[in-house]
Amino acid sequence: SSLCLLIMWAFIGVESATLPSEDTLAPEKTIPRASIIGTLTATVVYVIATLGLMSVLSLEELSQSSYPFALAAKQLLGHSGEVLVTFGALCAIGGTLNVCLMMSGTMMLAGARDGVYPSSLQYQNERGTPRNALLVSSAASIGLLLMNITASLLKGFEYLIILSTFAVLMVYLATGLASLALQMRAHLAEGSTAWLQVATAVLATGFSILAIIGAWIIYQ
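Residues numbered from 1 in each chain as written. Predicted model: local features only at pLDDT ≥ 70, side-chain atom pairs only at ≥ 80, totals over all residues. Heavy atoms only, no water.

Caption draft 1: Up close: the nonpolar core. Counting residues in each nonpolar core, the largest one holds five residues, listed as Leu169, Tyr172, Leu173, Ala211 and Ile212. Elements with a contribution of two residues or more to this core: α7 (151-190) and α8 (195-219). The element that contributes the greatest number of residues to this core is α7, accounting for three residues. (Core = buried A, V, L, I, M, F, W, Y, C linked by side-chain atoms within 4.5 Å. Buried < 20%, exposed > 50% of the residue type's maximum accessible area, 1.4 Å probe, protein only. Helix = DSSP H or I, 4+ residues; strand = E, 2+ residues; numbered from the N terminus.)

Have a look at this one:
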């Protein structure tokens, strides 16, 4: 179950493709394609990267190293390989940070429209950018990053990671159960059953339960 949590942490955010639905052309087609293709692409990249590391480094090196990709590149290409991987990691981190900030701003904007957050977060400039929401989400992100300064704060940051993953898993679990309820309602009303959707909902619900158990185990 702990492994399920780690897998979920790697793929968490796949639902983010639904956030820009208002600004997406043909969202009923584009969003499902983006979600599926993005997940499959990430899976392939993870598998290839893992196989590459395991073919270069020993299990002992992998267990002790905090930067295995740079270490593997150093063994293959020397110091230049290590620099290249580090530069690539910085680019990837920058891209991820940019996406996360945009997502946070969009989510706060949606929450403000629903009355969950202050109405001031609904403000958008002439280009439609939720300025206030982006500023607030960026400030919150910086605050969390500052928690890495000391070991005790880092421990608290790790706790927040587990807590945030647990919160998302609860949403995934509720979504899976809701899908099962909708399929049951459709079966009672129309007498037909979309077995593929039922199977997907059952698998998603089961995986969410296992991952939630894993989060509890790690927290203990």
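Caption draft 2: Fine view of the side chain of Thr205. If you trace the backbone, Thr205 turns up in helix α8. In contact with Thr205, other than residues within four places in its own chain, are Leu173, Gly176, Leu177 and Leu180. (Contact = heavy atoms within 4.5 Å.)

Caption draft 3: Broad picture of the environment of Thr50. Inspection of the secondary structure assignment puts Thr50 in helix α2 (residues 27-56). Since its relative accessible area comes to 39%, Thr50 is described here as partly exposed. Linking Thr50 and Phe69, residues 19 residues apart in sequence, is a C-alpha distance of 9.5 Å.

Caption draft 4: Examining a nonpolar patch on the surface more closely. A contiguous nonpolar patch, built from Leu163, Phe166 and Met170 and spanning about 250 Å² of accessible area, is present on the exposed surface. Classification of Met170 as partly exposed rests on a relative accessible area of 38%. (Patch = residues over 30% accessible without salt bridge, like charges linked within 9 Å, V, L, I, M, F, W, Y side chains within 5 Å. Areas by Shrake-Rupley, 256 points an atom, 1.4 Å probe, with all protein chains shown as cover. Salt bridge = Lys/Arg side-chain N within 4 Å of Asp/Glu carboxyl O.)

Caption draft 5: Summary view of the side chain of Ser208. Among the structural elements, Ser208 can be located in helix α8. When sequence neighbours within four positions are dropped, the list of residues in contact with Ser208 reads Leu169, Tyr172 and Leu173.

Caption draft 6: Expanded view of helix α5 (residues 79-113). Here α5 contains 35 residues, and its C-alpha end-to-end distance of 51 Å stays within 8% of the 51 Å for a straight helix at 1.5 Å per residue. Along α5, the positions that sit buried rather than exposed are Gly81, Glu82, Leu101, Gly105, Met108, Leu109, Gly111 and Ala112. Where α5 ends, the next residue or the one after it, Gly115, has phi of about 85°, a positive value. (Expected span 1.5 Å × (residues − 1).)

Caption draft 7: Highlighting unusual backbone geometry. With a phi close to 50°, Ala26 is a non-glycine residue in the positive phi region. Position of Ala26 among the secondary structure elements: in the loop between α1 (2-11) and α2. Among the residues examined, Ala26 registers a relative accessible area of 37% and is labelled partly exposed.

Caption draft 8: Spatial organisation of the environment of Val85. Checked against the element boundaries, Val85 lands in helix α5. Placed 13 residues apart in sequence, Val85 and Ala72 show a C-alpha to C-alpha distance of 9.4 Å. Setting aside its immediate chain neighbours within four residues, Val85 contacts Phe69, Ala70 and Ala73.

Caption draft 9: Spotlight on the packing of α2 against helix α4 (residues 68-77). Where α2 meets α4, the closest approach of the two axes is 10 Å, and the angle between their N-to-C directions is 55°. By the angle class used here, α2 and α4 are oblique. As for the relative orientation of α2 and α4, their crossing is left-handed in sense. Contact residues: Ala49, Leu53 and Val56 in α2; Pro68, Phe69, Ala72, Gln75 and Leu76 in α4. Of the residues contributing to the contact of α2 with α4, the split by class is seven nonpolar, one polar and no charged. (Axes fitted to C-alpha atoms, helices over the stretch in contact; angles between N-to-C directions. Parallel < 35°, antiparallel > 145°, perpendicular 65-115°, else oblique. Left-handed = near helix turned anticlockwise from the far one by under 90°. Nonpolar A, V, L, I, M, F, W, Y, C, P; charged D, E, K, R; others polar.)

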